[in-house]
Amino acid sequence: MRWIAAMAVIFCTVMCCFSKTEAAVLSEATQECLDCHNVFHPGIVADWEKSRHAQTTVKDAMVKKGSDLRISSKTISDALLPSSVGCAECHTLNGQSHEDTFEHNGYDIHVVVSPKDCGVCHATEDGQYAENLMSHAHGNLTGNKLYQDLQRSILGVPVLQDDDKLTYRPENDMTSAESCLYCHGTRLKVTGSEVRDTDAGELSFPIIKGWPNQGVGRINLDGSRGACSACHTRHQFSIEMARKPHTCKECHTGPDVPAYKVYAASKHGTIYATKKDNWDFKAVPWTVGKDFTAPTCATCHISLVNNTDGDRIIERSHRMNDRLPWRLFGLVYAHPHPLRPDLADIRNSSGIPLPTDFDGTPAATYLIDSKEQAKRTHTFQQLCRNCHDASWVNGHWERVENTIQCTNEATKAATQLMQRIWQSGLASGLSQQKNPFDEAIEKKWCDVWLIQANTIRFSSAMAGGGDYHVFANGYYSLSKGIQEMKDWYDLRTTRTKGTK
Amino acid sequence: MRWIAAMAVIFCTVMCCFSKTEAAVLSEATQECLDCHNVFHPGIVADWEKSRHAQTTVKDAMVKKGSDLRISSKTISDALLPSSVGCAECHTLNGQSHEDTFEHNGYDIHVVVSPKDCGVCHATEDGQYAENLMSHAHGNLTGNKLYQDLQRSILGVPVLQDDDKLTYRPENDMTSAESCLYCHGTRLKVTGSEVRDTDAGELSFPIIKGWPNQGVGRINLDGSRGACSACHTRHQFSIEMARKPHTCKECHTGPDVPAYKVYAASKHGTIYATKKDNWDFKAVPWTVGKDFTAPTCATCHISLVNNTDGDRIIERSHRMNDRLPWRLFGLVYAHPHPLRPDLADIRNSSGIPLPTDFDGTPAATYLIDSKEQAKRTHTFQQLCRNCHDASWVNGHWERVENTIQCTNEATKAATQLMQRIWQSGLASGLSQQKNPFDEAIEKKWCDVWLIQANTIRFSSAMAGGGDYHVFANGYYSLSKGIQEMKDWYDLRTTRTKGTK
Amino acid sequence: MRWIAAMAVIFCTVMCCFSKTEAAVLSEATQECLDCHNVFHPGIVADWEKSRHAQTTVKDAMVKKGSDLRISSKTISDALLPSSVGCAECHTLNGQSHEDTFEHNGYDIHVVVSPKDCGVCHATEDGQYAENLMSHAHGNLTGNKLYQDLQRSILGVPVLQDDDKLTYRPENDMTSAESCLYCHGTRLKVTGSEVRDTDAGELSFPIIKGWPNQGVGRINLDGSRGACSACHTRHQFSIEMARKPHTCKECHTGPDVPAYKVYAASKHGTIYATKKDNWDFKAVPWTVGKDFTAPTCATCHISLVNNTDGDRIIERSHRMNDRLPWRLFGLVYAHPHPLRPDLADIRNSSGIPLPTDFDGTPAATYLIDSKEQAKRTHTFQQLCRNCHDASWVNGHWERVENTIQCTNEATKAATQLMQRIWQSGLASGLSQQKNPFDEAIEKKWCDVWLIQANTIRFSSAMAGGGDYHVFANGYYSLSKGIQEMKDWYDLRTTRTKGTK
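Residues numbered from 1 in each chain as written. Chains lettered and ligands numbered in written order. Predicted model: local features only at pLDDT ≥ 70, side-chain atom pairs only at ≥ 80, totals over all residues. Heavy atoms only, no water.

### Details of the relation of the copies chain B and chain A
Laying chain B over chain A is done by rotating through 120° and shifting 0.0 Å along the axis; what remains is an RMSD of 0.0 Å. Here the copies are linked by what is in effect a three-fold axis. Among all residues of chain B, the one whose C-alpha sits closest to the rotation axis is D277 of chain B, at a distance of 5.3 Å. The residues that chain B uses at the interface reappear at the interface of chain A in only 2% of cases, marking distinct surfaces. (Least-squares fit on C-alpha atoms with pLDDT ≥ 70 in both. Contact = heavy atoms within 4.5 Å.)

In structure tokens form, the structure reads like this:
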């Protein structure tokens with residue numbers, strides 16, 4: 001048995017070397033990078049060697065036809081054509097536009113590769129992603145005064161004063177980089193340079209504040225937004241990883257956004273878990289029934305999908321909004337998806353930077369209308385219909401709409417109760433010019449919309465099983481949360497049970 | 001390398017087509033279905049093509065011997081014998097007994113396939129499952145007034161009245177279909193028909209309330225109970241999926257019934273996670289040590305298992321009760337397993353539809369006796385003994401019995417405290433003709449038995465590791481919950497610390 | 001297709017038998033064991049047959065060179081050399097030193113194999129593990145009065161007295177064996193013997209209290225500590241299982257120690273989940289970039305790792321402390337790692353058996369100094385540098401140190417608040433000679449350090465994603481917990497909002 005295995009390994013190794021030799025042409029610069037970094041960073045070099053980038057020249061890649069053509073840019077600089085896409089090709093691109101560009105063994109290289117760099121070959125994806133809500137995740141969080149109130153009420157370091165007052169020291173940059181901005185993306189900034197004693201002698205490097213980070217809305221050193229490596233993990237950048245749900249889990253695991261957990265407990269997730277070993281995660285186009293038999297996150301939200309007749313079911317889009325009629329999570333109420341990815345301008349009727357009023361009325365000017373919602377729903381349903389007949393699909397989507405309505409009613413009841421508590425002076429909110437998220441009762445209110453209503457909506461949207469709809473932060477927890485708010489209020493207003 | 005892969009793929013494809021051509025004979029009706037649905041629903045067609053159903057005729061399947069014989073019905077209508085089991089075979093079975101049968105391109109088809117349909121070939125499994133507690137999951141929940149109180153206290157939509165009263169609008173059918181009934185099963189009902197403009201022109205379809213649903217206790221349109229597709233996912237219906245624990249996870253992930261999570265953290269689950277790629281999930285009989293080296297959910301609860309000598313260790317049973325001495329979860333106290341799957345008649349000594357009194361005394365008439373418990377325990381232990389000696393097995397099961405007793409004592413303390421709260425008028429329960437589950441303090445009491453005691457029992461029964469026994473909703477949370485109930489009670493009875 | 005599979009199976013089976021015949025030489029004793037146990041316990045026999053133990057003689061294993069040499073003992077008794085390592089070799093080792101040794105069909109065998117038994121061939125690993133904190137996990141928990149207070153406040157069985165007092169009956173041995181000691185390890189004890197009616201007739205066996213157990217600090221019947229089978233699961237004892245993170249999950253899943261969950265949501269865990277099928281989990285040395293492209297738990301904490309040039313990056317160590325500058329979890333404050341694995345002597349400045357004062361000041365005498373911390377950090381970083389440049393590595397570790405400081409400040413605020421509550425008489429703690437963990441408000445305080453601060457530290461140390469840093473028991477829950485403590489205190493001290 002071991003002989004066979006050994007022979008197979010030898011044969012494969014030989015064939016492997018042969019086929020790579022044939023296709024890969026390294027630029028002189030990349031070869032020089034590899035001479036050292038192959039020893040210093042063997043993990044990422046090995047990853048890159050397995051990538052499509054390492055195994056073809058740009059020139060060869062550009063003349064491919066149809067779905068084999070992975071480059072979407074129409075024109076690419078002649079200098080890039082003859083070689084594979086190696087270290088130097090990405091880390092020296094776009095000349096001096098990167099704040100972190102530094103001289104390194106005779107080359108001007110930059111540490112942080114941005115979507116604009118990737119966009120040299122992948123212009124369509126770069127363009128779409130720039131219009132994706134995710135690419136604005138940094139500014140949409142840090143530029144919103146109300147969300148910053150929430151962030152500080154969570155991350156601030158508590159300090160107990162001698163007079164029993166509990167105050168907060170605002171969180172520092174390192175804390176926010178590890179928490180909210182881990183996913184939303186940090187704002188990178190070169191703050192100086194330093195000389196390090198490396199295995200290759202003394203060398204100078206830029207000091208980059210906010211680094212490392214691979215958040216989807218990272219503000220890069222060339223001014224661009226996002227990090228392709230968030231999903232296409234460095235340095236294989238593989239479509240396989242981006243298509244598997246574990247990748248999305250990194251930011252969508254919960255409890256505020258339990259997409260992965262709900263998926264994993266759904267029938268789709270069950271099929272994935274038990275059958276994925278027989279699927280092809282690399283095929284482009286991705287053919288339903290042939291390459292996979294149940295959707296992953298990517299299937300529904302991004303991927304180009306064909307049917308077995310070779311017909312296009314849905315186009316790929318890195319502007320995920322294209323398929324999303326509703327914005328389900330993160331706020332007090334689910335609401336129609338925002339019109340634009342930059343949410344800085346959104347104001348509700350009270351002038352607060354929220355997409356709905358406190359009673360749930362949408363700030364309609366800034367949100368897509370029902371016609372666009374219907375269009376996106378229809379687009380999405382094209383996918384469902386490959387495995388489900390119309391009665392199934394319609395039944396499912398009616399429930400989703402019902403759930404949005406019911407959970408919005410529930411968060412409305414919780415919010416009205418919170419408002420009465422503010423009005424009664426038992427807590428201090430916006431109308432007292434205070435942070436509406438930092439007291440115990442306010443945090444209980446946050447649970448209702450930020451954790452529980454969200455969970456129920458995800459469970460509905462992904463047909464995610466009874467547990468996340470009920471006991472796992474679902475209605476069971478939501479109804480408990482509201483009752484506990486009421487209990488807290490009743491106790492402090494000396495209402496006795498009889499009058500409740 | 002790619003040449004080899006390509007050659008292998010070509011070779012396999014050729015062989016695959018060859019072997020399928022040999023075995024599969026499609027009925028004319030199924031061929032007609034496929035002509036359209038292969039394009040409209042390629043995902044499920046592809047799934048079906050991979051199924052055993054597609055790859056053999058009923059006639060060939062019936063003459064197989066021993067474990068190769070997968071059909072358990074003794075006689076099957078001649079009409080079904082010559083062809084494979086395709087679309088038409090399942091969706092036109094049993095003539096007009098299905099309420100949703102409709103004329104579709106010249107055929108009388110029904111949308112929802114029921115266990116009775118599957119039972120045409122799989123009579124033994126259909127018969128066993130009808131006596132399984134799961135098949136009665138719908139009625140056992142919806143027909144129990146007390147459980148309906150609990151359901152409404154969870155799913156009802158909260159409404160805050162002007163006078164600060166918090167009332168509930170009962171949940172609608174769509175909400176219950178997505179939550180409790182996702183697993184327990186909906187009651188399907190044809191409410192009319194509609195004409196849809198399809199790719200194949202205008203066609204009429206039945207409108208089915210409660211659809212889609214694959215709950216284990218679904219009330220079908222032929223009056224039967226359950227959905228085989230809950231575990232044998234459509235349209236592969238594979239034994240492989242049913243044997244993998246992810247399938248069970250869909251309804252048993254927690255926190256009320258954390259079976260999957262506990263399993264995944266157990267030694268058994270660890271072996272599964274790290275070694276499953278070398279196991280055979282399709283082999284029948286399933287041979288311990290050869291096909292698998294640690295149990296999955298199915299191994300212990302359903303599967304036919306042989307040892308390597310070819311001896312039968314345990315028979316397959318879709319009446320899972322056969323191996324269950326105790327009913328661990330869902331109620332205030334763990335108790336001997338119910339005698340019958342239909343629990344409608346169960347009353348405790350106070351006439352309440354519960355299998356125990358509020359002090360834990362079992363409603364013995366409706367439950368199995370200790371002799372039957374011993375028999376089921378013995379049956380179960382036959383499995384354990386294949387990898388564990390008697391001292392291990394006995395040590396484990398003694399702990400399980402101990403845990404049932406200790407957790408029952410703990411839920412008794414919590415329940416006594418709850419009863420004193422009701423008696424004191426601080427909350428309103430059954431004796432006040434009120435819902436005993438809808439107030440904040442009542443919900444904390446529910447946590448103790450519905451979440452925490454259950455988790456500890458699962459952790460014990462599956463040797464699931466310290467975390468679920470302690471910190472992950474285990475004793476750590478249980479003791480906290482009881483102390484918080486006490487704290488709540490003390491505050492409201494103005495007891496000072498000194499008298500506590 | 002089935003023909004090919006069948007042919008492949010036949011061929012492999014033949015080859016497999018051939019190769020095993022060649023290498024495996026069973027001792028007469030082991031052959032006798034197998035004659036019966038192959039039938040009685042086919043699962044574990046099949047596991048063992050797949051093990052390295054079954055496939056080589058000790059003599060052949062000892063003459064292997066370099067990394068192929070898996071035996072670390074310099075000399076091994078001649079009696080063991082000629083045969084494979086089978087049942088008898090492990091279960092009869094070390095003569096009468098085992099309390100559970102009993103006469104069984106002419107052999108003196110013992111049930112429980114200890115690290116000292118494994119150490120006959122694996123002396124280095126046995127020696128290292130004996131100095132590992134884990135091997136002392138039993139005594140470090142059961143011998144610490146304060147930790148026993150905590151354990152009893154969690155596991156004790158609550159009893160409601162007639163006067164509304166809530167008392168606790170101490171947990172019994174079976175409960176602690178299933179909970180804390182599941183991971184920490186039980187103390188095994190032979191309490192007698194019994195005759196059992198087995199398939200092989202009436203036989204006598206020892207009765208072992210605390211059995212079964214595979215906790216890392218188990219006190220064995222030869223006086224040794226630990227259980228190699230905790231990670232090297234019986235009876236394959238494979239390095240593959242020990243290297244996969246699921247194995248560690250058994251005790252490190254949370255919420256008190258959510259290492260696995262954090263890993264699974266990290267970029268490293270994502271790469272593992274999506275790419276592990278292409279990795280080699282058996283290779284020794286384990287070569288980064290070749291055998292794996294992202295670390296598992298074992299990579300960072302135990303394994304011997306090479307780079308692709310064949311250079312040793314880091315030595316294997318079963319004394320995991322070697323790579324740990326900080327002790328992150330389990331206590332009120334993160335602190336420098338303890339100097340010695342046996343923590344019995346540790347006292348803080350108040351004489352309490354804790355490694356820090358209640359204000360966080362380390363009990364420095366018992367902990368490693370900053371120089372040793374720097375050395376361990378440097379050792380650890382050698383691993384990071386294989387895939388990450390210095391700016392990435394430094395950025396990451398600075399954040400970890402920042403998180404330790406910030407979370408220690410947070411737990412300090414919570415602890416000061418708890419101390420004021422004790423001083424005010426609203427709860428009874430150490431200074432009142434009472435259990436400081438058993439009241440509702442004390443349990444909320446425990447959450448802050450035992451669950452939430454720990455989770456944040458793990459999230460930081462493993463770059464585990466935003467969710468575990470914030471919403472999944474992270475800062476979101478920590479800040480809520482502290483505010484709820486404050487809310488509780490304010491209510492009971494009749495402070496009105498105005499003075500807060």
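Having seen the model, we can carry on.
### Observations concerning the interface of chain B and chain A
Tallying the contact residues gives 81 residues for chain B and 69 residues for chain A. Together, the buried faces of chain B and chain A total about 6,600 Å²; carbon and sulfur atoms form 56% of this surface. Where R169 of chain B meets E409 of chain A, a salt bridge forms, and the shortest distance between an N and an O atom there is 2.5 Å. Sorting elements by how many residues they give to the side of chain B that touches chain A places helix α20 (residues 440-461) of chain B first, with seven residues. Partitioning the side of chain B that touches chain A into residue classes produces 37 nonpolar, 21 polar and 23 charged. (Buried area = accessible area lost by both parts, 1.4 Å probe. Salt bridge = Lys/Arg side-chain N within 4 Å of Asp/Glu carboxyl O. Helix = DSSP H or I, 4+ residues; strand = E, 2+ residues; numbered from the N terminus. Nonpolar A, V, L, I, M, F, W, Y, C, P; charged D, E, K, R; others polar.)

### Focus: the sheet that holds strand β7 (residues 286-287) of chain B
Residues and elements named next belong to chain B. Judged by pairing direction, the sheet is mixed, and its three strands sit side by side in the order β7-β8-β9 without closing on themselves. Of all strands in the sheet, those with a lone pairing partner are β7 and β9 (312-314), marking the two edges. Relative to strand β8 (residues 305-306), β7 runs parallel, the two sharing two bridges. Its bridge partner being in β8, W286 is matched across the sheet by V305. (Pairing = 2+ DSSP bridges.)

### A closer look at the interface of chain C and chain A
Taken residue by residue, the interface counts 71 residues in chain C and 81 residues in chain A. Summed over both sides, the interface of chain C with chain A buries roughly 6,600 Å², with 56% coming from carbon and sulfur. Its largest share of buried area at the contact with chain A, chain C owes to K267, W392 and R399 of chain C, together 12% of the area lost on that side. The tally of links between chain C and chain A comes to six salt bridges. With 18 residues, the single largest contributor to the side of chain C that touches chain A is helix α19 (residues 390-423) of chain C. Grouping the constituent residues of the side of chain C that touches chain A by class yields 28 nonpolar, 25 polar and 18 charged.

### What to know about the relation of the copies chain C and chain A
Mapping chain C onto chain A calls for a rotation angle of 120° and an axial translation of 0.0 Å; the resulting RMSD is 0.0 Å. Counting the interface residues of chain C, we find that no more than 3% of their copies in chain A are interface residues as well, pointing to two distinct contact surfaces.

### So, the state of the cysteines
In protein structure, a disulfide is the covalent linkage between the sulfur atoms of two cysteines. All names here are of chain A. With the rule as written, the count across this model stands at three disulfides over all chains. Through a disulfide, C183 is tied to C251; the S-S separation comes to 2.3 Å. For the disulfide bridge between C183 and C251, the dihedral angle about the S-S bond is near -105°, and by the sign convention the bridge is left-handed. Separated by 68 residues along the polypeptide, C183 in helix α12 (residues 180-184) and C251 in the loop between α14 (245-249) and α15 (259-265) bring together distant segments of the chain. (Disulfide = S-S within 2.5 Å.)

### Here we look at the confidence of the model for chain A
Residue and element names in this part refer to chain A. For chain A, per-residue confidence averages 93 on the pLDDT scale, and residues scoring 70 or more make up 94% of the total. Within the model, pLDDT remains below 50 along residues 495-500, and this stretch shows 13 contacts once partners closer than five positions in the same chain are excluded. Quick note on the complex model: pTM equals 0.94, ipTM equals 0.93. (pLDDT = per-residue confidence, 0-100.)

### Regarding helix α16 (residues 267-275) of chain B
Counting buried positions over the nine residues of α16 of chain B gives eight, a clear majority of the element. Where α16 of chain B is concerned, the buried positions are K267, G269, T270, I271, Y272, A273, T274 and K275 of chain B. On its buried side, α16 of chain B packs onto α14 (245-249) and α15 (259-265) of chain B together with α12 (180-184), α13 (239-243) and α14 (245-249) of chain C. Capping of α16 of chain B at its N-terminal end is provided by S266 of chain B; its side-chain oxygen lies 3.3 Å from the backbone amide nitrogen of H268 of chain B. (Buried < 20%, exposed > 50% of the residue type's maximum accessible area, 1.4 Å probe, protein only. Polar contact = N/O pair within 3.5 Å; in protein donor to acceptor, adjacent residues only side chain to side chain.)

### Structural notes on the packing of aromatic side chains
On inspection of all chains with the given rule, the structure shows 54 aromatic pairs over all chains. Seen from their ring centres, W445 of chain A and W449 of chain A are 5.5 Å apart, and the 65° between their planes marks the pair as edge-to-face. Of this pair, W445 of chain A and W449 of chain A both sit in helix α20 (residues 440-461), separated by four residues, roughly a single helical turn. One exposure class covers both W445 of chain A and W449 of chain A, and it is buried. Following the ring pairs from residue to residue traces out a cluster consisting of Y263, Y272, W279, F281, W286 and F292 of chain A. Sitting over the ring of F205 of chain B, R196 of chain B keeps its end group 4.3 Å from the ring centre. (Phe/Tyr/Trp six-rings, centres within 6.5 Å; stacked < 30°, edge-to-face > 60°. Lys NZ or Arg CZ within 6 Å of the ring centre and 35° of its normal.)

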